Amino acid sequence: MWKKAVEKNEKKLDEKLRVFLKEVEEITDVENREYGNKDLAELGEDITVTSEEIKAVADKINKKLDEIADSINEESKDVKKKLKKAKRLIEKDYLPRKEKYEKANATFKGRNSYSKTDEDATFMRMKEDAMLNGQLKPGYNIQVGTENNFVIGYDVFPNPTDTRTLKPHLENVMNRLDCKFETIIADAGYGSEENYDYLEEKEIIGAIKYSTYEKETKRSFKKKTFNFENWNYDSNQKLYTCPAGNPVPYKKTVTKKNHSGYLQTYDVYQCDNCEGCPYRELCTKSEYGRMIQRNEHWLEQKSKVKNLLATDEYKKLMKKRSTECETVFGQIKDNQKFRRFHLRGSKKVGTEWGLLMLGYDFKQLARLS
């Protein structure tokens, strides 16, 4: 089930329902109290009709049919015919579809998809792609925490991105072990403004690269003329200067909220002199001119990460991470040939993975002894 498809089809159904319910009102000449004083035909596009409201209309139709059941005049016969048709539409089409969409929306739980055969699983791009077409498959995002080559915690998540798993995974592991970590080492998939703030708040050192760390630390990146990170910036005047020598002044401040409710603040800069600029095609494709978003807090965080990871101590720790965590997945997937779960549902998948992790730690104990 895909969230976009459900939203699109439910919107179409709601448009039909608004017209249908108005027609029913006209037939029965009874005001639908579920909608108060609102005219159903004039409800906005964003107003949805619930399954409970559809059931209420069905009850009204049944009551009206009972009222005119014994009537034999032509007008009543016509009303009965129309009401019976409306009743069939509700029972056979509108109500089942609305209930299906409501169930799907309740199952998504912030995800963009779920599998009909395992509603806890989300469609993700897998590293294994036998068809070489980037197909999506239902799966889980498994998080593993290790120390001294032993697995000390794991979690099963439905969301495909790692950035949103760091905080709950660490909280779960620290609660289970009743401890607090001094340092966390993770790969670039976990580097985000929200995660860095969380670690700082918890007084945990985060040796975590961000997604563009490798690219930004190369010489080739600093030679790219049209990367605004390489432009001259005047903090006092809040002004960039583009390669053509034109000013790119501050325009406004924008605050955005991500999926977890974290707020990010950006200063927006835009060039007013892009028209006729000889570098325009190389600089921007926007018809309105080059626009830049500058996040001061994020820039400060990235600077701290660069300074931290430049030290010999944390360079060694980052190298150790690859032999710690990646070994777990290498042993399980390649040496033990476990490449897919046999059970369905997050609880059963968690149990299955937990048994594998116990086995892994027992093997480590045996190897050391």
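To be clear, the structure that these remarks concern was listed above.
Residues numbered from 1 in each chain as written. Predicted model: local features only at pLDDT ≥ 70, side-chain atom pairs only at ≥ 80, totals over all residues. Heavy atoms only, no water.

A. Spatial organisation of the nonpolar core. Grouped together as the largest cluster of nonpolar side chains are 24 residues, with contacts concentrated most on Leu17, Phe20, Ile61 and Ile90. Within the residue set of this core, elements represented by two or more residues are α1 (3-28), α2 (51-67) and α3 (74-108). Dropping the residues within four chain positions of it, Ile61 is found in contact with Val24, Leu83, Ala86, Lys87 and Ile90. (Core = buried A, V, L, I, M, F, W, Y, C linked by side-chain atoms within 4.5 Å. Buried < 20%, exposed > 50% of the residue type's maximum accessible area, 1.4 Å probe, protein only. Helix = DSSP H or I, 4+ residues; strand = E, 2+ residues; numbered from the N terminus. Contact = heavy atoms within 4.5 Å.)

B. Structural context of the packing of aromatic side chains. If you walk through the whole model with that rule in mind, you get 16 aromatic pairs. Note on Tyr210 and Tyr213: the rings are 5.7 Å apart at their centroids and 85° apart in plane angle, and the pair reads as edge-to-face. Each member of the pair, Tyr210 together with Tyr213, is buried. Within the aromatic cluster, the residues linked to one another by ring pairs are Phe228, Trp231, Tyr233, Tyr240, Tyr250 and Tyr269. The ring of Tyr233 has Arg294 lying over it, and the distance from NZ or CZ to the ring centre is 3.8 Å. (Phe/Tyr/Trp six-rings, centres within 6.5 Å; stacked < 30°, edge-to-face > 60°. Lys NZ or Arg CZ within 6 Å of the ring centre and 35° of its normal.)

C. Inspection of the pairing of strand β9 (residues 247-257) at higher detail. Across 3 bridges, strand β8 (residues 239-241) lies against β9 in antiparallel orientation. Counterpart to Leu239 in the pairing with β9 is Pro249. Between β8 and β9, which pair antiparallel and follow one another directly, the connecting turn spans 5 residues, one of which, Gly245, has a positive phi of 85°. Pairing of β9 with strand β10 (residues 263-270) involves 7 bridges; the strand directions are antiparallel. Bridge pairing links Tyr250 to Tyr269 in β10. (Pairing = 2+ DSSP bridges.)

None of this, on its own, says anything about what the molecule does.
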